[in-house]
Amino acid sequence: MAGKRGRFITFEGIDGCGKTTQLEMLAERLRALNMPVTRAREPGGTAVGDAIRSILLDSATVRLAPVAEVLLYFASRAQNVDEIIAPALESGRVVLCDRFVDASAAYQGAGRGLGWELIENLERIACRGVKPHLTFILDIEPATSISRALERNRDAAGAGAADESRFEREGLEFFSRVRGAYLEIAAREPGRVVVIDGERSRQAVQEDVWRHVRRLLEIS
Ligand code: TYD
């Protein structure tokens, strides 16, 4: 990522893999060391992105064409890059992002069967050279994904939170395809992507995350 001073770290994995928890734990650890941290999330994270997020994730959204879906994810991403991620990297901050292009490759490219080439073309247009230095894929079984997601939706419904269950209605086969694509991305780009077993305790997962982040940020 030429010309950018900061460091860009992304967290990926199928639904319920624990990436948001890990991202928060890492952010806290870095802040405790006085590192300048910016958090980002996808889809969403900006006013435009949050509006797009509600279209994408609401279970009331029906008959969304796969190409329309991928364009909405990339519209949210383009806004995120422009408004938050690129400026933060330019000012030397550590950007932690909950999902990025790999999620579109896995969910839309493989899950929806749109293929890699479309994703690569959209990445060129939307991200303009902004690419993660380090990506964690928290790997869990599709069955774990579904049971964690159901549990979370029950808790969210109890708390009156927004319904974001559209993807969680997908079955085991869909999540197996998405997981397979993530593992393929990791095999293709071993210098950037680290696969971590997400079936373990959050502390054990965080220790693995921390080892790689320390190396990237040269923290002694
Ligand atoms: P996210 O908010 O990360 O939800 P969770 O924390 O439950 O994983 O992502 C919401 C959903 O959007 C999730 O099912 C994955 C999907 N998604 C895509 O399909 N493509 C994308 O490019 C992104 C960023 C997310």
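A few points on the structure.

What counts, and at which threshold
- Residues numbered from 1 in each chain as written.
- Predicted model: local features only at pLDDT ≥ 70, side-chain atom pairs only at ≥ 80, totals over all residues.
- Heavy atoms only, no water.
- Core = buried A, V, L, I, M, F, W, Y, C linked by side-chain atoms within 4.5 Å.
- Buried < 20%, exposed > 50% of the residue type's maximum accessible area, 1.4 Å probe, protein only.
- Contact = heavy atoms within 4.5 Å.
- Helix = DSSP H or I, 4+ residues; strand = E, 2+ residues; numbered from the N terminus.
- Near = heavy atom within 4 Å.
- Polar contact = N/O pair within 3.5 Å; in protein donor to acceptor, adjacent residues only side chain to side chain.
- Nonpolar A, V, L, I, M, F, W, Y, C, P; charged D, E, K, R; others polar.

### Thoughts on the nonpolar core
Here's step 1: Among the nonpolar cores identified, the biggest contains 54 residues, and Leu30, Phe136 and Val213 are the most heavily contacted of them.
Here's step 2: Other than its neighbours up to four places away in sequence, Val213 contacts Ile9, Leu26, Leu30, Leu134 and Phe136.

### A word on the environment of Ala103
Here's step 1: Topologically, Ala103 is positioned in helix 4 (residues 101-111).
Here's step 2: Given a relative accessible area of 8%, Ala103 falls into the buried group.
Here's step 3: With 27 residues separating them in the primary sequence, Ala103 and Ser76 have C-alpha atoms 13 Å apart.
Here's step 4: Not counting chain neighbours up to four residues away, the residues in contact with Ala103 comprise Glu12, Gln108 and Tyr182.

### Focus on the site of the ligand
Here's step 1: Around the ligand sit 15 residues, and of these Asp15, Arg99, Ser104, Gln108 and Arg152 come closest.
Here's step 2: Contact between the ligand and Gln108: a nitrogen atom at 2.8 Å from a side-chain N or O atom of the residue.
Here's step 3: Of all the secondary-structure elements, those providing two or more residues to the shell around the ligand are helix 2 (47-57), helix 3 (66-90) and helix 4.
Here's step 4: Counting residues per element, the shell around the ligand draws most heavily on helix 4, which supplies 4 residues.
Here's step 5: Taken together, the residues of the shell around the ligand break down into 5 nonpolar, 2 polar and 8 charged.

Limitation: the analysis is restricted to geometry and does not speak to function.
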